[in-house]
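Listed below are the residues making up each chain.
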Amino acid sequence: MTGSSLCIQLINPNTSLGMTEVMAATARKVASPGTEILAVCPEEGAPSIEGHFDEAIATLGVLQQVKAGREASVDGHIIACFGDPGLLAARELARAPVVGIAEAAMHMATLVATRFSIVTTLPRTLVIARHLLHQYGFERHCAALHAIDLPVLSLDDGSGMAQQKVREQCIKAKQNDGSGAIVLGCGGMADLAQELTLELGIPVIDGVSAAVRLIESLHALRLTTSKFGDLDYPLPKPLSGRFADLNN
Ligand code: 5HY
């Protein structure tokens, strides 16, 4: 952290470097002067996260990165996958705030609209977004969820087809859902929010940008993860094998 006022660790839970770079570039664009973005992804895991199984795999990498970030004294951690995999476990490990991009985007959407829609990638991951809406208490704020029915990595294939599908679904959501805002349901869509907001004339919210600014606000308010109760550090025990490096 060379002279920056704060350092935010951006964790892409999948192993695709292209997506990590897209999210890192977006994070750096919205970050305040003096905020350093430390973008990382697990050395091993899934190249994209598209369901419960992938999320379970990704969680170990998220926790390893959070531990490394804590040891590097970062001022906050972003879990940059719309399923917010491992969020509560990461908060047990961390001292600094941990913010998931789904949670961040949903919070921001409720501050600018009474109802929002979500546009994500595959239909099978819609249930994950629904679970998060319930977990975070935003169910009554979400008017509808949509999928472009393309895999996550289609956002990283250079064809532009997925980006066009996102645009089409956002236009449909604005026309049909009665929503005042749209949440982009994938970290790989992070670079689309500004242009879509201008084109559609309603807030189109990317969770990476939202998470960067939320962590900056938490830092300014001196708020860190509560270590009183269920988010206290994990109980010490002899973790073995590939989990040994997670020993506190
Ligand atoms: C994400 N998967 O943000 C989610 C998006 C999704 O690899 N990064 C992923 O569609 O669930």
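Residues numbered from 1 in each chain as written. Predicted model: local features only at pLDDT ≥ 70, side-chain atom pairs only at ≥ 80, totals over all residues. Heavy atoms only, no water.

- Going by the annotation in an unreviewed UniProt entry, the name recorded for the protein chain is Asp/Glu racemase, with Rouxiella silvae given as the source organism.
- Of the comments in the UniProt record for the protein chain, the one headed Sequence similarities (unreviewed entry) reads "Belongs to the HyuE racemase family." (UniProt positions renumbered as here; feature names shortened; annotations may be inferred.)

1. A short note on the pairing of strand 7 (residues 181-184)
Argument step 1. A two-sided burial pattern is seen for strand 7, the buried positions comprising Ala181 and Val183 on one face and Ile182 and Leu184 on the other.
Argument step 2. Of the pairings in the sheet, the one linking strand 5 (residues 116-120) to strand 7 comprises four bridges and is parallel in character. Across the sheet, Ser117 pairs through a bridge with Ile182, a residue of strand 7.
Argument step 3. As paired elements, strand 7 and strand 8 (residues 204-206) share three bridges and run parallel to each other. Residue Leu184 lies in a different strand from strand 8, and its bridge partner there is Asp206. (Buried < 20%, exposed > 50% of the residue type's maximum accessible area, 1.4 Å probe, protein only. Helix = DSSP H or I, 4+ residues; strand = E, 2+ residues; numbered from the N terminus. Pairing = 2+ DSSP bridges.)

2. Some remarks on the nonpolar core
Argument step 1. Leu10, Ile78, Val166 and Leu184 are the most contacted members of the largest nonpolar core, which totals 39 residues.
Argument step 2. Going through the elements one at a time, strand 1 (6-11), helix 1 (17-30), helix 4 (101-112), helix 6 (161-176), strand 7, helix 7 (193-200) and helix 8 (207-220) are the ones with two or more residues in this core.
Argument step 3. For this core, the leading source of residues is helix 8, giving five residues.
Argument step 4. Taken domain by domain, this core gets at least three of its residues from each of domain 1 (6-100 + 209-246) and domain 2 (102-206).
Argument step 5. Setting aside its immediate chain neighbours within four residues, Leu184 contacts Phe82, Val119, Val166, Cys170, Met189, Leu192, Ala193, Leu196, Val204 and Ile205. (Core = buried A, V, L, I, M, F, W, Y, C linked by side-chain atoms within 4.5 Å. Domains from an automatic or database assignment. Contact = heavy atoms within 4.5 Å.)

3. Let's talk about the site of the ligand
Argument step 1. Every residue near the ligand is listed here: Asn14, Met19, Ser48, Ile49, Cys81, Phe82, Thr120, Thr121, Val152, Gly185, Cys186 and Gly187.
Argument step 2. Taking Thr120, its side chain carries an N or O atom lying 3.5 Å from an oxygen atom of the ligand.
Argument step 3. Within the side chain of Thr121, a nitrogen or oxygen atom sits 2.4 Å from an oxygen atom of the ligand.
Argument step 4. Its free accessible area being 300 Å², the ligand has 97% of it covered by the protein chains. (Near = heavy atom within 4 Å. Polar contact = N/O pair within 3.5 Å; in protein donor to acceptor, adjacent residues only side chain to side chain. Areas by Shrake-Rupley, 256 points an atom, 1.4 Å probe, with all protein chains shown as cover.)

4. What about the domain arrangement of the protein chain?
Argument step 1. Partitioning the protein chain into domains gives domain 1 (6-100 + 209-246) and domain 2 (102-206).
Argument step 2. Domain 1 and domain 2 are separated by 21 Å when their C-alpha centres are compared.
Argument step 3. If you look at the interface, domain 1 gives 28 residues, while domain 2 gives 31 residues.
Argument step 4. For the pair domain 1 and domain 2, the summed buried surface comes to about 2200 Å²; carbon and sulfur atoms form 65% of the total.
Argument step 5. By the criterion of area lost to domain 2, the three top residues of domain 1 are Met19, Glu50 and Phe82, representing 35% of everything that side buries.
Argument step 6. Between the two partners, domain 1 and domain 2, sit one salt bridge.
Argument step 7. Here Glu103 ties to Arg91 by a salt bridge, and the two come within 2.8 Å at their closest N and O atoms.
Argument step 8. The tally of links from domain 1 across to domain 2 stands at 11 residue pairs in polar contact (both at pLDDT 80 or more).
Argument step 9. When contributions to the side of domain 1 that touches domain 2 are tallied by element, the ones reaching two or more residues are helix 1, helix 2 (52-71), helix 3 (87-93), strand 4 (98-100) and helix 8.
Argument step 10. Here the side of domain 1 that touches domain 2 takes six residues from helix 1, the largest share from any one element. (Buried area = accessible area lost by both parts, 1.4 Å probe. Salt bridge = Lys/Arg side-chain N within 4 Å of Asp/Glu carboxyl O.)

5. Let's talk about the sheet that holds strand 8
Argument step 1. Taken in spatial order, the four strands line up as 6-5-7-8 in an open sheet, and their pairing is parallel. Across the chains shown, the open sheet's two edge strands, defined by having one partner strand only, are strand 6 (142-147) and strand 8. Strand-to-strand twist in this sheet, taken as the mean axis angle between neighbours without regard to direction, amounts to 25 degrees.
Argument step 2. Packing of helix 4 onto the sheet brings it into contact with strand 5, strand 7 and strand 8, and relative to strand 8 it is tilted by some 150 degrees. (Axes fitted to C-alpha atoms, helices over the stretch in contact; angles between N-to-C directions.)

6. Focus: unusual backbone geometry
Argument step 1. At Ser73, a residue that is not glycine, the phi angle is positive and equals roughly 60 degrees.
Argument step 2. According to the relative accessible area criterion, Ser73 is partly exposed, its value standing at 46%.

7. A short note on helix 5 (residues 126-136)
Argument step 1. Every buried residue belonging to helix 5 is among Leu126, Ile128, Ala129, Leu132, Leu133 and Tyr136, and all of these are buried. Down the axis, helix 5 shows its buried residues gathered within 160 degrees of arc, on one side only. (Arc of directions from axis to C-beta.)

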